[in-house]
Amino acid sequence: MKVSVVGAAGYTGGELLRLVHGHPELELVQAISRRYAGRPVSEVHPNLHHLGLTFHAPPELDRVSVAFLAVSMGAAAELEAGVGERAETIVDLSPDFRAGAVSASGVAYRTGLPELFADELAGATRISVPGCMATAAILALEPVRRAGLVSGDVVVDARTGSSGSGAEPTPASHHAERGQAFRVYRPAGHRHEAEIAELAGVRARMTVTAVPAVRGVQVVCHVTPPRPVTRQEVLRVLQRAYRDRPFVRVVARGRGVHRMPDPQFLSGSNFVDIGCAVDADGGRIVLVAALDNLVKGAAGGGVQSLNVASGLAEDAGLGFPGLHPA
């Protein structure tokens, strides 16, 4: 399948170029960028020098099987009609078509989260990938909610690296302001709360902190069960839910330095790691999930969803396991 990446100059766009190039069933034909049109891709993504590609302007988009939209909020809705005339399938990484939104052309987008919606994704030609922090929280919470172990609201404490803010610099992303900061930049009311409610079926109260890392998301979800539970019971729920899912790893270690999921070991990978702890009285479940925001939380989630929609192996082109030490 011939593939173009629209918004290819951003961090997510660069990851899409990398993943599509290494995919056994996809052919990368274009990198689209309004700002960098006519300039080499390696000028922006030095790790992709070997591709030998040059950025093209949006009007130069060829007819392709698949177009990935890795553009900012609002831009995807503006581009969708034109891209849809030239691409059979659109996979959108922006917030514009999430939670079952219908495009201006009247087409409903399917949710790009194969762990929960593989059946709905089969044959889909319009796919919207959830947000990175929402993906981590949803995959941690939904099995526990489905098992009847959630009572009332949950608290989601999310931490995110600087790449989640995109490639364009802002006063908040300036190194002197961000380099050593643990900035609580959204103490309440984050838009991901609506995604979590829609897709995990729980009401989440979310706080987001910017931490001094480039890649990675970690969410710590505090859940009150309706009755006392044990850690083994919660682990069994998670293991049953994801035993056949190639990219969710349940971390069940009870001791050691790495007994809880840590995004630093997931850089470049499409895995999400989920672990848990339970208070001694069984009255609180703590779920911890980690992923690479640019891969499983964006580009990799999009490729994985396309694989499922197209009838390909779900893990095609996504085998990189991450690094240690990182």
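Every value quoted in this text rests on a predicted model; they were computed, and no experiment measured them. (Residues numbered from 1 in each chain as written. Predicted model: local features only at pLDDT ≥ 70, side-chain atom pairs only at ≥ 80, totals over all residues. Heavy atoms only, no water.)

On to the overall build of the protein, then. Helices and strands together make up the secondary structure of the protein, namely 8 helices and 14 strands. Against the globule reference of 20 Å for 326 residues, the protein gives a C-alpha radius of gyration of 19 Å, in line with a compact fold. When the backbone C-alpha atoms are referred to their principal axes, the protein occupies close to 60 × 45 × 35 Å. Across the 326 residues in the protein, those meeting the buried criterion constitute 52%. Element-wise, carbon and sulfur atoms account for 51% of the exposed surface of the protein, whose accessible area totals about 14,200 Å². Averaging the locations of the 32 positively and 32 negatively charged side chains of the protein gives two centres separated by 6 Å. (Helix = DSSP H or I, 4+ residues; strand = E, 2+ residues; numbered from the N terminus. Rg over C-alpha atoms; globule rule 2.2 N^0.38 Å. Buried < 20%, exposed > 50% of the residue type's maximum accessible area, 1.4 Å probe, protein only. Areas by Shrake-Rupley, 256 points an atom, 1.4 Å probe, with all protein chains shown as cover. Lys, Arg positive; Asp, Glu negative; His and termini not counted. Charge placed at Lys NZ, Arg CZ, Asp CG, Glu CD.)

Turning to the packing of aromatic side chains, a few remarks are in order. Applying the stated criterion across every chain, the model contains 3 aromatic pairs. Each ring, one from Phe97 and one from Tyr109, has its centre 4.2 Å from the other, and the planes form 10 degrees; the classification is stacked. Placement of Phe97 in the loop between β5 (87–92) and β6 (110–111) and of Tyr109 in the loop between β5 and β6 is noted, with a sequence separation of 12 residues between them. Using a relative accessible area of 4% as the deciding quantity, one classes Phe97 as buried. Judged by its relative accessible area of 3%, Tyr109 is buried. (Phe/Tyr/Trp six-rings, centres within 6.5 Å; stacked < 30°, edge-to-face > 60°.)

Attention now moves to the environment of Glu233. When you line up the elements, Glu233 lands in helix α7 (residues 231–242). Take Glu233: its relative accessible area is 19%, and that puts it in the buried class. In the structure, Glu233 is positioned 91 residues away from His324 in sequence and 30 Å away in space, judged by C-alpha atoms. Glu233 has contacts with Leu149 and Arg227, leaving out every residue within four places of it along the chain. (Contact = heavy atoms within 4.5 Å.)

A few words now on the environment of Ala252. In this structure, Ala252 sits in the loop between β12 (248–250) and β13 (272–278). Look at Ala252 and you get partly exposed, because its relative accessible area is 37%. Considered as a pair, Ala252 and Glu177 are 75 residues apart in the sequence and their alpha carbons are 37 Å apart. Residue contacts for Ala252: discarding those within four places in its chain leaves Arg231, Leu235 and Gln239.

Attention now moves to the sheet that holds β12. An order of β9-β10-β8-β11-β14-β13-β12 is seen for the 7 strands of this open sheet, with the pairing classed as mixed. With partners counted over all chains shown, the strands left at the sheet margins are β9 (183–186) and β12, one partner each. Averaged over all adjacent pairs, the angle separating strand axes in this sheet is 25 degrees, with direction ignored. Where β12 and β13 come together, 3 bridges link them in parallel fashion. The residue of β13 that forms the bridge with Val250 is Ile274. (Pairing = 2+ DSSP bridges. Axes fitted to C-alpha atoms, helices over the stretch in contact; angles between N-to-C directions.)

Attention shifts here to the side chain of Asp96. With respect to the helices and strands, the residue Asp96 is situated in the loop between β5 and β6. Buried charge without a partner: Asp96 forms no salt bridge, and the closest opposite charge is Arg98, 8.0 Å away. Within polar-contact distance, the side chain of Asp96 engages the backbone nitrogen of Ala76 at 3.2 Å. From its side chain, Asp96 meets the backbone nitrogen of Ala77 in a polar contact 2.9 Å long. Contacts of Asp96, omitting those with residues within four sequence positions, involve Ser72, Met73, Gly74, Ala75, Ala76, Ala77 and Ala101. (Salt bridge = Lys/Arg side-chain N within 4 Å of Asp/Glu carboxyl O. Polar contact = N/O pair within 3.5 Å; in protein donor to acceptor, adjacent residues only side chain to side chain.)

What follows is about the sheet that holds β5. If you walk across this open sheet you meet the 7 strands as β3-β2-β1-β4-β5-β7-β6, and the pairing is parallel. Of all strands in the sheet, those with a lone pairing partner are β3 (55–56) and β6, marking the two edges. Where strand β4 (residues 64–69) meets β5, 5 bridges bridge the pair, whose relative direction is parallel. Bridge pairing in β5 links Val66 to Thr89. Sheet strands in contact with helix α1 (residues 11–21) are β1 (2–6), β2 (27–32) and β4, and its direction is about 165 degrees off that of β2.

By the element assignment, Leu323 lies in the segment after α8 (295–310). What makes Leu323 partly exposed here is its relative accessible area of 48%. Placed 55 residues apart in sequence, Leu323 and Gly268 show a C-alpha to C-alpha distance of 8.2 Å. When sequence neighbours within four positions are dropped, the list of residues in contact with Leu323 reads Gln264, Phe265 and Ser267.

Here we take up the pairing of β5. Summarising burial for β5: 5 of the 6 residues are buried, a large majority. Both β5 and strand β7 (residues 126–128) contribute to a ladder of 3 bridges, which runs parallel. Along β7, the bridge assignment pairs Asp92 with Ser128.

So far we have only geometry, and geometry alone does not tell us how the molecule works.
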